[in-house]
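Observations on the model geometry
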Amino acid sequence: MSQKIRVVIAKPGLDGHDRGAKVIARALRDAGMEVIYTGLRQTPEQIVSAALQEDADVIGLSILSGAHMHICPRVMELLKEKGLDDVQVVVGGIIPDQDVPKLNEMGIRGIFIPGTPMQQIVDFINGNARARV
Amino acid sequence: MKGVINPAETGKSRWERETLEPTLAKSPERKGPFTTISGQSIDRLYTADDIADRDYARDVGNPGDFPYVRGIHPSGYRGKLWTMRQFAGFGTPEETNQRYKDLIAAGGTGLSVAFDLPTLMGRDPDHPLSLGEVGKCGVNITSLADMERLFDGISLADITTSMTINSPAPMIFAMYLVVAEKQGADWKKISGTIQNDILKEFIAQKEYIFPPRPSMRLITDIFAFCAAEVPKWNTISVSGYHIREAGSTALQELAFTLRDGLEYVQYGVDAGLKVDDFVPRISFFFNSHSDFFEEIAKYRAARKLWAEAMRDRFGAKHPRSWQLRFHTQTAGVSLTAQQPYNNVVRTALQALAAVLGGTNSLHTNSLDEALSLPTKEAATIALRTQQIIAHESGVTNVVDPLGGSYFVEKLTRDMELGTLKYWDTIDRMGGMVEAIELGYPQKEIAEASYQFQQAVERRDKIIVGVNDYLQTDEKPIEILYIDDSTADTQLARLDALRQTRDNGRVERALDGLRKAARGRDNTMPPLLECVRAYATVGEMCDALREVWGEYEEVPVI
């Protein structure tokens, strides 16, 4: 029997607009994943430490404020430091087109802008989360 | 039937049986569901029967008459159009100052300041959580010096300014007052609005700093201060906008927002203020979403509910206390990143609903706001949308053109009854502060937003360009890209400020603020002294954090 995919959903930065984070958290849970929602205003350090403690397969970052080009590199760097390179990072929010290649380069392939169907996010995670034994 | 008319039988049911059913038998209706965007069921037809219990004089009334369903002004927009107030702010104070000058030149009639997240959260640009956020979602204001730059060349005696600021509202308002003073403007004559609505922050937008009770005290301090010193200032804009954006239904937006309003009035009364001294300066701020008639009904019901609550629940005697005034913004959340030009149409319809609902001022969103802050071109189209409604559509010739529509009157009635039910639930919890502490409105909204998302996933609700009518060959549009130079500028300025100001005076002023916070003295006079000494937003908020601590919510999914 396969284990459930474990997802940490996090809201980094100062922004409090958490509608998207909460809706996706619930949708992933309904899709059979184990979801841990960190709550608001998490630093990259707190997010990575939550991922470590929760043995997460996936980190979902919800960022609408324009701070993603500061937050994402820091999260990726910290994951590498902790040896958590195999944790899949996905980002949802307001991400201008021009930033997408830079995020891809950092290793973030799941980038979901407003209007993305929930099922598409579920499918992406199912297809890309690290295989658990 | 045997030709006997059942007294309970109405014209509508006869019509359904004799006219409608044969037609449906031949050509059935579309699959539906026929519901509003809030999930409310809608009948196919409304007739006089649906509003038979409504007494026109008592329950609706003419414009300018209690209970103001048809508007607070007897002459509607024939006297004065709504204020076209476009919310704007980004980057440095100078950049935003230039955008204001452009908006005024383009015919904008009021200013509306968008602050960045560090300012909204009471953090200076050098705080670790400000990383990457300075000047991104709005303008960065660190100290009085920035406020002076923001309004440089704009006479505060001649324009009204709305400021979307909540937890640090007293600090930012104090800065505005000091700039006005330096320009020689009379505090007794200037006008504008601070949002100053902390309850909806706990409920929806989550830009809170202090716990609910000291936060409420800051608000009643402003009520008292303004009643004496800045009598034309709108001390609070009780906001449903963010509640709706967080995913509530139209009814929840209305019910929670007005209940927040009642909470503020109650706290004001408990602080020893007289209802008619401060309630006339309370205004409201609603969303205008995509379901046209539901929105119109919401605004009409809002006026009645407020008028009756002020008169009957609080014993307000002054008609100005009864008259609900409100600003409207079209629904940011309805804008799509896909096929963004469609957003112009969405915004126009939403703006029309707000106008038909009798809004007193209006912000129309720009087509590119699902992608970034608006470009100047996009912001201009948004303003032009309002001007076209005002001058070309003809809807401003008549007061409340939809009054008497069976459908609109019935929806208005339903909104009213639904709101009273929510109020009852919240009253039983002890009030809105208590309901928030229990997580009640937060849970209601989270549930509604999930239900809506599921309706979209099932395609019960079609969003053009998102879950139907997709287009694969879209070309990206030009967007406003805000780089990090603002952070560098504001950090350098903060350093320079700390070296040049009288830091002894700053420390004494902050001590005065702490002392007022610990005791019962009004916090506005010590805040004005802090501002005059060029204390920063972060320093003033930190002083209060030391006294009151910070609020942390238990997240509800």
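The preceding data block contains the structure.
My aim in this report is to walk through the structure given alongside it, one point at a time. (Residues numbered from 1 in each chain as written. Chains lettered and ligands numbered in written order. Predicted model: local features only at pLDDT ≥ 70, side-chain atom pairs only at ≥ 80, totals over all residues.)

1. A few points about the overall build of chain B
Each helix and strand counted, chain B has 23 helices and 9 strands in total. Taking 2.2 N^0.38 as the reference for a compact globule, 557 residues should give roughly 24 Å; the C-alpha atoms of chain B span a radius of gyration of 24 Å, in line with that estimate. With the principal axes as the frame, chain B shows a C-alpha extent of 95 × 60 × 45 Å. Looking at chain B as a whole, 51% of its 557 residues qualify as buried. (Helix = DSSP H or I, 4+ residues; strand = E, 2+ residues; numbered from the N terminus. Rg over C-alpha atoms; globule rule 2.2 N^0.38 Å. Buried ≥ 20, exposed ≤ 12 C-beta atoms within 10 Å, placed from the backbone.)

2. Re the packing of helix α15 (residues 342–356) of chain B against helix α16 (residues 376–391) of chain B
Residues and elements named next belong to chain B. Look at α15 against α16: their axes get within 10 Å of each other, and the N-to-C directions meet at 45 degrees. Put simply, α15 runs oblique to α16. When the axes of α15 and α16 are compared, the crossing they make is right-handed. Residues V344, T347, A348, A351, L352 and V355 of α15 form the contact with α16, whose participating residues are I381, A382, T385, Q386 and I389. Split by residue class, the contact of α15 with α16 holds 8 nonpolar, 3 polar and no charged. (Axes fitted to C-alpha atoms, helices over the stretch in contact; angles between N-to-C directions. Parallel < 35°, antiparallel > 145°, perpendicular 65-115°, else oblique. Left-handed = near helix turned anticlockwise from the far one by under 90°. Contact = placed C-beta atoms within 7 Å. Nonpolar A, V, L, I, M, F, W, Y, C, P; charged D, E, K, R; others polar.)

3. Notes on the environment of L491 of chain B
Residues and elements named next belong to chain B. With respect to the secondary-structure elements, L491 resides in helix α20 (residues 485–500). For the pair formed by L491 and D124, sequence separation is 367 residues and the distance between their alpha carbons is 8.7 Å. Residues in contact with L491, not counting those within four places in the same chain, are P125 and D126.

4. With respect to the interface of chain A and chain B
Facing the 31 residues of chain A at the interface are 36 residues of chain B. Secondary structure elements with two or more residues in the side of chain A that touches chain B: α1 (19–30), α3 (68–81) and α5 (118–128) of chain A. Looking at the side of chain A that touches chain B, the element that brings in the most residues is α1 of chain A, giving 5 residues. A per-class count over the side of chain A that touches chain B returns 14 nonpolar, 10 polar and 7 charged.

5. Comments concerning the environment of P93 of chain B
Residue and element names in this part refer to chain B. Within the secondary structure, P93 sits in helix α4 (residues 93–105). For P93, a count of 25 C-beta atoms within 10 Å puts it in the buried group. In this structure, the C-alpha to C-alpha distance between P93 and G135, residues 42 residues apart in sequence, is 8.9 Å. The residues touching P93, leaving out its near neighbours within four places in the chain, are V139, I141, D146, R149 and L150.

6. Focus on unusual backbone geometry
Residues and elements named next belong to chain B. Going from G32 to P33, the amide bond is cis rather than trans, its omega being 0 degrees. The omega angle of the peptide bond from F66 to P67 is 0 degrees, so this bond is cis rather than trans. By secondary structure assignment, the location of P67 is in the loop between α2 (56–60) and α3 (76–79). Of note, K206 is a non-glycine position whose phi angle comes to about 70 degrees, a positive value. Counting through the fold element by element, K206 comes out in the loop between α8 (199–205) and α9 (212–229). A positive phi angle, near 65 degrees, is found at R459, a position not held by glycine.

7. Things to note about the nonpolar core
Judged by nonpolar contacts, the single largest core of 139 residues is most densely connected at A302 and M540 of chain B. If we ignore the near neighbours within four places in the chain, the residues touching A302 of chain B are L254, L258, F284, L324 and F326 of chain B. I5, I9 and V48 of chain A together with L335 of chain B belong to the second-largest nonpolar core, a separate cluster that totals 43 residues. (Core = buried A, V, L, I, M, F, W, Y, C linked by C-beta atoms within 7 Å.)

8. So, the sheet that holds strand β8 (residues 326–330) of chain B
Residue and element names in this part refer to chain B. Pairing is parallel in the open sheet, where 9 strands are placed in the order β5-β4-β3-β2-β1-β9-β8-β7-β6. Since the sheet does not close on itself, it has two edges, and those belong to β5 (233–234) and β6 (236–239), each with one partner. Sheet topology places β6 next to strand β7 (residues 282–288); 4 bridges connect them, and they run parallel. Bridge assignment links S239 to a residue of β7, and that residue is F285. (Pairing = 2+ DSSP bridges.)

9. With respect to helix α22 (residues 524–532) of chain B
Residues and elements named next belong to chain B. Among the residues making up α22, those that are buried are M524, P526, L527, L528, C530 and V531. On its buried face, α22 is in contact with α6 (144–150), α7 (169–183), α9, α21 (503–518) and α23 (537–548). Of the residues one or two after α22, Y534 is the one with positive phi, at around 65 degrees.

10. A closer look at the pairing of β7 of chain B
All names here are of chain B. With 7 of 7 residues buried, β7 lies mostly within the body of the structure. The pairing of β7 with β8 spans 5 bridges and is parallel. What sits directly across from F285, in β8, is H327.

11. Notes on the environment of L527 of chain B
Residue and element names in this part refer to chain B. Following the sequence through the fold, L527 ends up in helix α22. Judged by the 30 C-beta atoms lying within 10 Å of it, L527 falls in the buried class. Between the C-alpha atom of L527 and that of K182, which follows or precedes it by 345 residues, the distance is 16 Å. Not counting the four nearest positions on each side in its chain, L527 is found in contact with P170, M171, A174, L513 and M540.

12. Brief notes about the packing of helix α13 (residues 292–313) of chain B against helix α17 (residues 406–429) of chain B
Residue and element names in this part refer to chain B. Axis separation between α13 and α17 bottoms out at 8 Å; the angle between their running directions is 55 degrees. Comparing the axis directions of α13 and α17 gives the class oblique. Here α13 runs over α17; the crossing is right-handed. Taken together, the residues of α17 that come into contact with α13 (itself represented by F293, E294, I296, A297, K298, R300, A301, K304 and L305) are F407, V408, L411, T412, M415, E416 and T419. Among the residues forming the contact of α13 with α17, the class breakdown is 9 nonpolar, 2 polar and 5 charged.

By themselves, these figures tell us nothing about what the structure is for.
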